[in-house]
Each structure stands twice: as structure tokens, then as C-alpha cells.
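# Descriptive structure summary
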Amino acid sequence: MPGPESATPLQAASGGVSGAAREPLIRARGLTKKFGTFVAVDAIDFDVAPGEAFGFLGPNGAGKTSTMRMIGAVSPRSGGDLSVLGTDPDKNGASIRARLGVVPQLDTLDTELTVLENLLIYGRYFDLSYAEARSRAMELLEFVQLNDRASSLVEPLSGGMKRRLTIARSLINEPDLLLLDEPTTGLDPQARHLVWDRLYRLKQRGTTLVLTTHYMDEAEQLCDRLVVMDKAKIVAEGSPRSLIEQYSTKEVLELRFPVGVQETLDGQLDGLGERVEKLPDRVLIYAADGEDVAAAAHERGLRPETSLVRRSSLEDVFLRLTGRSLIE
Amino acid sequence: MTAIAPPAPARGGAFKFPGLRKLEQSLLVYRRVWRGTFFGTLVSPVLFLTAMGVALGSLVPNITAFGGVPYLVFLAPGIMSAQAMQTGTVEGSWPLFAGFKWLKTFDAMIATPITVRDIVLGHLYWLFVRLAIVTGVFMVVAFLFGAFRSPTFFLAWPSAILTGVAFGICMSAWTATRKTEQSFSIIFRFVVTPLFLFSGTFFPIEQLPETVRWIAWFTPLFHGVALTRSLAIGHDLDLLTLGIHLAVVLGMIAIGTFFAFKTFKKRLVI
Ligand SMILES: Nc1ncnc2c1ncn2[C@@H]1O[C@H](COP(=O)(O)OP(=O)(O)OP(=O)(O)O)[C@@H](O)[C@H]1O
Ligand SMILES: [Mg+2]
């Protein structure tokens, strides 16, 4: 059912202007996607505020892309309510899309065209004049550091360059809302940092970002708030910090034992820290103070090959929530 | 870039002339790749008309239909229509399939204000442009070979274009339902080639045994060939017969477009 706001025209969306309570830019209630009888997104609720960077974190098949495609007004929902930019994507899809930037999970660049032509024709899809599209394209190529490749064909570009071009393309219409489906998957660390930097700048300009990722560090770096998805459902929601506080301890002690030893440890770890998680290759002990636990373990005669104390991360949150690690 | 501009007024996403943006994309791609195809476009009519029209034609007596014309004059419009069919069918297969599957160009488009309707119509327009180029080149070559005798010959051009578009859009509607490209070559082997050979392209269907001749009337290419040939030769034009041929061709375009809207949507909106 469309909410009352869907009767009004698309709402203004310039972020970071006032602190007054604003309508969410995206509002989902009971949002559901089915493929045949298979439920890919199972009645999820979330709001995204203007100017916010919002993340979907989850393993393969969790339903992230399906959700993003519904938000992007390309995939009709199977149930529930969804409002994007104040209106219903099923009814006003094209006018919503006119104000979105979309970076799909798999690049959809036109490999028969050059880098510049890809941006130009995309600008035309948004009804820009060629002159306007060209001037924006040049700025954007600079923004993603591809200006020296403007007349190169797309095919020989590296994966990271293609990704940056896709990001540039998504910005050609100066979107109010940017949807990024795994923007940095497959990129090397340097390329990832470049993308993060650019996304961070966009955020500072007030663009609302919605992104999906498998990477904890990406979520921690970029997201003000995120939801953890697993098996088509949202299992937790909050800022990276609050999720860590809520679902994990301050520190984690990671112990690695010589091959075969870990299996013989039953019982010996009990009572160490607040919680013990046994992974195939190591043991994680959650505690406020990791060094204390390391000392206690030593007293019990445990002799791990390596012992490491680190701060909790979203990875730990995920493990706690789903009993699985995010990246197998 | 400065701060994000205030949102543009909602324009409902509807373009004044649906499909033009998709056509622009096709033209932009064509501008990059035309050199690769143009040679074939030019050489194919030259080869056909030399080998079959001139060389083989010198062994063939004048065709008695149409008030008696040399074989070359009979053959040229037939080949032109058959080539139009082939070009249209090709455009409706691999290059279109690439947009759905390999390049995902259409996925990129529908993430913008472009709609599935724009894509279907733009693709249809593109078929017209592509066919106009291929048959236009054929017309010029055939003209230089002296294959045209009648003042109505230039009407053979739109007729051949429509014939090619009819096959192109029907093939396109079907291609949108395919998960793999495997069946395309089967279509060419078992549909396109037989039609090419037995639709009155190379010989009047009156040459076929009487028992199977009527089948020609139910083959789609026959009507395109008959229409194009009548206009090219311009002998004793019978408006009723021409009207039937034209109606069949236009009917194919209408039906193909109707189904293309459905199959493209089913493919892209999931
Ligand atoms: N078109 C489709 N038809 C049938 N099932 C689909 C379709 N698209 C997605 N699915 C299924 O829906 C589930 C969710 O897929 P989705 O792509 O949304 O996951 P994801 O969280 O984006 O995963 P990944 O991290 O691998 O990208 C998966 O089980 C997938 O197989
Ligand atoms: Mg995905």
C-alpha cells in the first residue's frame, strides 16, 4: 500500500541541510521479493535518511542485490511497502530512476564504446544535452582519475578502472541517491581506497549512499548505519560501533593451535572470556580484556602456536549473529 | 562538481518520443563498428548479381512472367528481399542477445529513466535504419547492374526494408525468451535458409510442383519478395495482390512488436 506521501511529488533530497526531522529517503516495510516460490527477501523493514550512508552487509545469497534492485525501481516487489524518494517505485519508477545513480554488482558498461562515449550516452538516457553530458563527463573522469583514458575502449581497462568508470557513469545525472552493489569487490587494496575516498567525498556533498558489501572494513569505513542480512532477513541493525558493542566484546583473543590439537581441547577453554567461538582453523575468545584471557589460558597450560589480541569488528558481529563467518 | 543541485522536477520519466535514446545508442555503436560490416554489405549484392544474375542469367531464358524480363531483372529484387530477411534476422539474434546477456546493455538502460518500451521501440527503429542501409546499398548496386527498368523501382526499397524489419522484430521477440544462443544457428539453418531458397527468390514459385506451391503463400518471405519484385519490375501492378502482400508484411511487424513488448518485459523486469 502506498503511504500518504506518495501522492505528493518527489520530495527534495539535498542532504545535510537541516537537523529537523526529515522524511526518510527510502522506507521499506515488510518488503518482500520472491522468485517463483523462492523467497529472496523476506519481509524486511528499514529506513534510510537523507544524507546518510547506509549499508547492507551479508553473505552470498542473503538478498542484498534483490533488495537493491527493488530500491532501484527495476525489480517489482512481491510484497510489502516501499517508498523511494517519497514515492512508489512500482508507480513512478522512471521518475525515481531519473534521480538515482546505480552501480550494479556486475559492470554493465558498453564495451563496444569508448570510456567517454559510455558516459555521453548514459547522460543522454537522463535527457542531458550532448554539451552538458560532455562537460559533466570530463569532470567525472577527472573525479575518478580516468581522464587520460577518455578515448580508450572499455574492454582493455582493468577491473578497477571499469569499476571507477561505472561509478562515474552513475553520477552523470547528479543523483540524490546513489546505490552501490558491492562497489569494491574484486579490487586491489589501492583501488579500493581510491573508491572509498571518492564515495566519502560524495557523502560529504550530501549524496545519500546505499551500499552492499561483504567487507567489514568497507562497512566500518563508509556506513553510518547498516543492517546485517542473512537468509533473506535482517538480523541486526545499527551503527558499526553500536553493533559491535551490542553483539561482541571490546576485544578478541585469536588462538591458533598446531594441526590436530584444537580438536583435543574440549573443556579446556570453558570459562575463558565471555564467549568462545571455534572456527575450523582457530579459536576466538571474546573478552573485555584480551591480554587477561591470554594470561589465563597460559596458566591453564594451553600452548597455542600464535596468540593475537585485536579489537572486535563487524566480522565478529556477523559470526555471533549467524554462526558463520562472512567470507568463507 | 559543486554541491548536488536541487532535484530536477519529476518528468515522469516519459520521453516525448519513446525509443529515440535507445536508437542513439545503436547508432553510436554502429559508428564504431560500421567499417567491419560495410564491406560485406557492399560485396554481397555484387557477388550475387554477378554470379547468378549475369553469369547464370546468361544461361536462363527470359522469365515469361511480368511480360518477359531477363533473369537478372527477375532475380535482383528477390535477392534483395531475401538479404533483408537475413539481415533483420541477424540483427534480432546475436547482437540483441548481447544486450540481454553478454554486455547487459539493457540492464544498464533500465536503471535509468529508459523503459522497456523505449528499448523495444528503439530497437525497432534501429532495425529500420539498419535495413535501410543494407537494402539501400543493394538498390544502388542493382541499379548499376541495370536490374531496374520501371519508374516504380524505388518503391522496392521501402518494401525490402519492411520485409527485413518484419523478420527482425519477430526474431527479436523470440530472442528475448532465450537463455542461450544455441538455437540461433538452428533458426538460420532450418528457417532462414529454406525460406531464402523456396520463397520465389531464385525462381517463380510456379516452377514448384502444384501440390506444394500453395505452401509458398503461407511462408512469410514469399510476400516480401513478391511485393518487392512487383514494385521493382512494375509490370501490370495489381493493387489487390500488392495490398495482400503488404498487409502480411505489416502484420508481421505488428505481431512481432506486440510480442517483443511482452518478451522484453518478461526478460528485463524480474
Ligand atoms: N532472477 C532470479 N531468479 C531466481 N532466483 C534468484 C534470482 N535472482 C536472485 N535469486 C536468488 O535470490 C537469492 C538472493 O540473491 P541476491 O542476488 O539478492 O543475493 P546477494 O545478497 O546479492 O548475494 P551476493 O553477495 O552473492 O551478491 C539467491 O539465493 C539467488 O539465487
Ligand atoms: Mg549481490
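Everything numeric in this text was worked out from a predicted model, so none of it was measured.

Conventions and cut-offs
Starting from 1, residues in each chain are numbered consecutively following that chain's sequence as written. Here chains are named by letter from A upward and ligands by number from 1 upward, in the order in which they appear as written. Residues qualify for local features only when their pLDDT is at least 70, as the model is predicted, and side-chain atom pairs are given and counted only at 80 or more; totals for whole chains, interfaces and linings, by contrast, use all residues. Based on all heavy atoms of the structure, the side-chain values leave hydrogens and waters out of the count. Whether two strands pair depends on DSSP finding at least two bridges between them. In this description a helix means any DSSP run of H or I spanning at least four residues, a strand means any run of E spanning at least two, and both kinds are numbered starting from the N terminus. Note on geometry: axes are lines fitted to C-alpha atoms, helical ones only across the stretch in contact, with angles between N-to-C directions running from 0 to 180 degrees. Only Phe, Tyr and Trp rings take part, Trp by its six-membered ring, and two of them pair if their centres are within 6.5 Å. Stacked means planes under 30 degrees apart, edge-to-face means over 60, and tilted covers everything else. Buried means the residue's accessible area, taken with a 1.4 Å probe over protein chains only, is under 20% of the maximum for its type, while exposed means over 50%, and partly exposed covers the values in between. Residue contacts follow a heavy-atom distance rule, with two residues in contact if any of their heavy atoms lie within 4.5 Å. Defined here as a combined quantity, buried area equals the accessible surface (1.4 Å probe) lost by two parts on assembly, summed across both. Within this document, salt bridges are pairs made up of a side-chain nitrogen of Lys or Arg and a carboxyl oxygen of Asp or Glu, the two lying within 4 Å of each other. Counting of polar contacts relies on pairs of N or O atoms within 3.5 Å, with two restrictions inside protein: one atom must be capable of donating a hydrogen and the other of accepting it, and residues adjacent in sequence are counted only when both atoms are side-chain atoms. Basically, the charged four are Asp, Glu, Lys and Arg, the nonpolar ten are Ala, Val, Leu, Ile, Met, Phe, Trp, Tyr, Cys and Pro, and anything else, Gly included, counts as polar. Any nitrogen, oxygen or sulfur atom within 2.8 Å of a metal ion counts as a donor, with the limit raised to 3.2 Å for Na, K and Ca, and since water is left out, coordination shells can look unfinished. Nearness is judged by heavy atoms alone; a residue qualifies as near a molecule or strand once a single heavy atom is within 4 Å of it. In this description, one arc is meant: the one made by directions from the helix axis to the C-beta atoms. These domain limits were set by an automatic method or by a database of domain assignments. Here roughly perpendicular refers to angles of 65 to 115 degrees, roughly parallel to angles under 35, roughly antiparallel to angles over 145, and oblique to all remaining angles. We call a crossing left-handed when the near helix sits turned anticlockwise from the far one by less than a right angle, and right-handed when that turn is clockwise.

### Remarks on the sheet that holds strand 5 (residues 100-103) of chain A
All names here are of chain A. Pairing in this open sheet of 6 strands is mixed, and the strands run 5-6-7-3-8-9 from one edge to the other. Taken across any chain shown, the strands that pair with only one partner, and hence form the sheet edges, are strand 5 and strand 9 (233-238). Strand-to-strand, the axes of this sheet are offset by a mean angle of 15 degrees, without reference to chain direction. Relative to strand 7 (residues 208-213), strand 6 (residues 177-181) runs parallel, the two being bridged by 5 bridges. Residue pairing across strands places Leu-178 opposite Leu-209, the latter belonging to strand 7.

### So, the packing of aromatic side chains
Residue and element names in this part refer to chain B. All chains considered together, the criterion is met by 25 aromatic pairs over all chains. Arranged with centres 6.2 Å apart and planes meeting at 25 degrees, the rings of Phe-48 and Phe-196 form a pair that is stacked. Separated by 148 residues along the polypeptide, Phe-48 in helix 1 (residues 20-55) and Phe-196 in helix 7 (residues 182-198) bring together distant segments of the chain. Summarising the aromatic geometry, the rings of Phe-100 and Phe-264 are spaced 5.1 Å apart at their centres and angled 75 degrees between planes, so their arrangement reads as edge-to-face. Highlighted residues: Phe-100 in helix 3 (residues 94-102) and Phe-264 in helix 10 (residues 239-268), separated in sequence by 164 residues. Residue classification places Phe-100 among the buried residues on the basis of a relative accessible area of 5%.

### Regarding the interface of chain A and chain B
Contact residues are listed per partner, giving 40 residues for chain A and 33 residues for chain B. Summing both partners gives a buried area of about 3400 Å² for chain A against chain B, and 61% of it is carried by carbon and sulfur. Taken as a group, A:Tyr125, A:Asp127 and A:Arg205 account for 19% of the area that chain A buries against chain B, more than any other trio of residues on that side. As a salt-bridge pair, A:Asp127 and B:Arg21 come within 2.2 Å of each other at their nearest N and O atoms. The interface formed by chain A and chain B includes 13 residue pairs in polar contact (both at pLDDT 80 or more). Every element with two or more residues in the side of chain A that touches chain B is listed here: strand 1 (26-35), helix 2 (89-97), helix 3 (115-125) and helix 4 (130-143) of chain A. By residue number, the principal contributor to the side of chain A that touches chain B is helix 3 of chain A, which donates 5 residues. In the side of chain A that touches chain B, the residues fall into 19 nonpolar, 7 polar and 14 charged.

### Regarding the coordination of the magnesium ion (ligand 2)
Any two of four tetrahedral donors ideally make an angle of 109.5 degrees at the metal, while pairs among six octahedral donors ideally make 90 or 180 degrees. Residues and elements named next belong to chain A. Protein coordination of the magnesium ion (ligand 2) is provided by Thr-65 (OG1) and Gln-105 (OE1), with donor distances spanning 1.9 to 2.1 Å. With Thr-65 in helix 1 (residues 64-71) and Gln-105 in the loop between strand 5 and helix 3, the pair connects residues that are 40 residues apart, well separated along the chain. A relative accessible area of 27% places Thr-65 in the partly exposed class.

### Overview of the site of ligand 1
Surveying the vicinity of ligand 1 reveals 15 residues, the closest of which are A:Gly61, A:Lys64, A:Thr65, A:Ser66 and A:Gln105. Chain contributions to the surroundings of ligand 1 come from chains A and B. At 2.9 Å, a side-chain N or O of A:Asn60 approaches an oxygen atom of ligand 1. For ligand 1, an oxygen atom lies 2.6 Å from a polar atom in the side chain of A:Ser66. Listed by contribution, the elements that provide at least two residues to the shell around ligand 1 are strand 2 (38-48) and helix 1 of chain A. Looking at the shell around ligand 1 element by element, the count peaks at 3 residues for helix 1 of chain A.

### Examining the sheet that holds strand 2 of chain A
All names here are of chain A. In space, the 3 strands of this open sheet follow the order 2-1-4, with antiparallel pairing throughout. Of all strands in the sheet, those bounded by a partner on one side alone are strand 2 and strand 4 (79-84). Adjacent strand axes in the sheet meet at a mean angle of 25 degrees when their direction is disregarded. As judged from the 7 bridges shared by strand 1 and strand 2, these two strands associate in the antiparallel manner. By the bridge assignment, Arg-27 is partnered in strand 2 with Asp-47.

### Brief notes about helix 8 (residues 240-247) of chain A
Every α-helix winds through 3.6 residues per turn, so residues three or four apart in the chain are directed the same way. All names here are of chain A. Along helix 8, the residues classified as buried are Pro-240, Leu-243, Ile-244 and Tyr-247. Considered in projection along helix 8, the buried side chains sweep an arc of 100 degrees and stay on one side of the axis. Those residues of helix 8 that are exposed and aimed more than 90 degrees away from the buried face are Glu-245 and Gln-246. Residues of helix 8 that are buried make contact with helix 7 (216-222), strand 8 (225-230), strand 9, strand 11 (275-278) and helix 10 (314-322).

### A closer look at the domain arrangement of chain A
Split by domain assignment, chain A resolves into domain 1 (9-239) and domain 2 (249-311). For domain 1 of chain A versus domain 2 of chain A, the separation of C-alpha centres amounts to 40 Å.

### Let's talk about the packing of helix 5 (residues 116-144) of chain B against helix 10 of chain B
All names here are of chain B. Two elements in contact, helix 5 and helix 10, have axes whose closest approach is 9 Å; the angle formed by their N-to-C orientations is 140 degrees. What the angle tells us is that helix 5 and helix 10 run oblique. Here the hand of the crossing between helix 5 and helix 10 comes out right-handed. For the pair formed by helix 5 and helix 10, the contact residues are Val-116, Arg-117, Ile-119, Val-120, Leu-121, His-123 and Leu-124 on the first element and Ile-253, Thr-257, Ala-260, Phe-261, Phe-264, Lys-265 and Leu-268 on the second. Of the residues belonging to the contact of helix 5 with helix 10, the class tally is 10 nonpolar, 2 polar and 2 charged.

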